[in-house]
Amino acid sequence: MKALWLLAVGVVIAIGSTAAMAQPAKTLQERLVGTWNFVIAEITTTDGRKALPFGDKPRGMIIFTADGHFSQVHVAGDLPRIASNNRLAGSPEDNRAIVHGSLALFGTYSVDEAKRTLTFKIEGSTFPNQQGTSQTRTIDLLTADEFRNTNPTAARDLPAVASNYYRRAPP
């Protein structure tokens, strides 16, 4: 009887192991789904200059849903507080610093698994010129805990490459 029980346990373990091994690896898109905390953004111009557009301690996140939507918020860590405590009554200097130090956008996304690219179809943004546009980024790194993408067509004063780094948000 004990031998039969051990045989049954062995069969169950073997079937479970085979089923686990037979599951296909997750796609890039499946691995992106979830919430990622913004770590840093770095822009490198064609002449080699580097800039941190949100400073060295930014805040923010990007969220990818399983049905293909995204929302991204990047905020500089040193934005000024508005003295009146009314966001509509900031000084011109405060408003300028806030606009320069923040960017939010949302819309839908798609992943080209073969090219390892991520394309955002931007429906709305705090930079209105982005509304209705698409941006394609390379997926440079994607692990369970880290995500790095590059926008090879970024531009500021000169053509540039923008890299964004994220860490998976804890549950």
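First, a word on scope: everything that follows refers to the structure included in this document. (Residues numbered from 1 in each chain as written. Predicted model: local features only at pLDDT ≥ 70, side-chain atom pairs only at ≥ 80, totals over all residues. Heavy atoms only, no water.)

The next point concerns the packing of aromatic side chains. Applying the stated criterion across every chain yields a total of eight aromatic pairs. Pairing Trp36 with Phe147 gives two aromatic rings, centres 5.7 Å apart and planes at 55 degrees, and the pair type is tilted. Of the two residues, Trp36 is situated in strand β1 (residues 34-45) and Phe147 in strand β8 (residues 146-155); the sequence distance between them amounts to 111 residues. According to the relative accessible area criterion, Phe147 is buried, its value standing at 1%. Between Phe38 and Phe54, the aromatic rings sit 5.8 Å apart at their centres with planes inclined by 85 degrees, giving edge-to-face as the arrangement. In this pair, Phe38 sits in strand β1 while Phe54 sits in the loop between β2 (50-51) and β3 (59-64), placing the two residues 16 residues apart along the sequence. Accessibility assignment for this pair places Phe38 and Phe54 in one class, buried. Put simply, the rings of Trp36, Phe38, Phe54, Phe64, Phe70, Tyr109, Phe120, Phe147 and Tyr166 touch in pairs and so form one group of aromatic residues. (Phe/Tyr/Trp six-rings, centres within 6.5 Å; stacked < 30°, edge-to-face > 60°. Helix = DSSP H or I, 4+ residues; strand = E, 2+ residues; numbered from the N terminus. Buried < 20%, exposed > 50% of the residue type's maximum accessible area, 1.4 Å probe, protein only.)

Glancing now at the nonpolar core. Note that soluble globular proteins tend to have their nonpolar side chains buried in a common cluster. Ranked by internal contacts, the top residues of the largest apolar core, which has 21 residues, are Leu32, Phe64, Leu118, Phe120, Ile139 and Phe147. Counting only elements with at least two residues in this core, the list comes to α2 (28-32), β1, β3, β5 (102-112), β6 (117-125) and β7 (134-142). Here this core takes four residues from β5, the largest share from any one element. Leave out the neighbours within four places in its chain, and Phe64 touches Leu32, Val33, Gly34, Trp36, His69, Phe70, Tyr109, Leu118, Phe120 and Phe147. (Core = buried A, V, L, I, M, F, W, Y, C linked by side-chain atoms within 4.5 Å. Contact = heavy atoms within 4.5 Å.)

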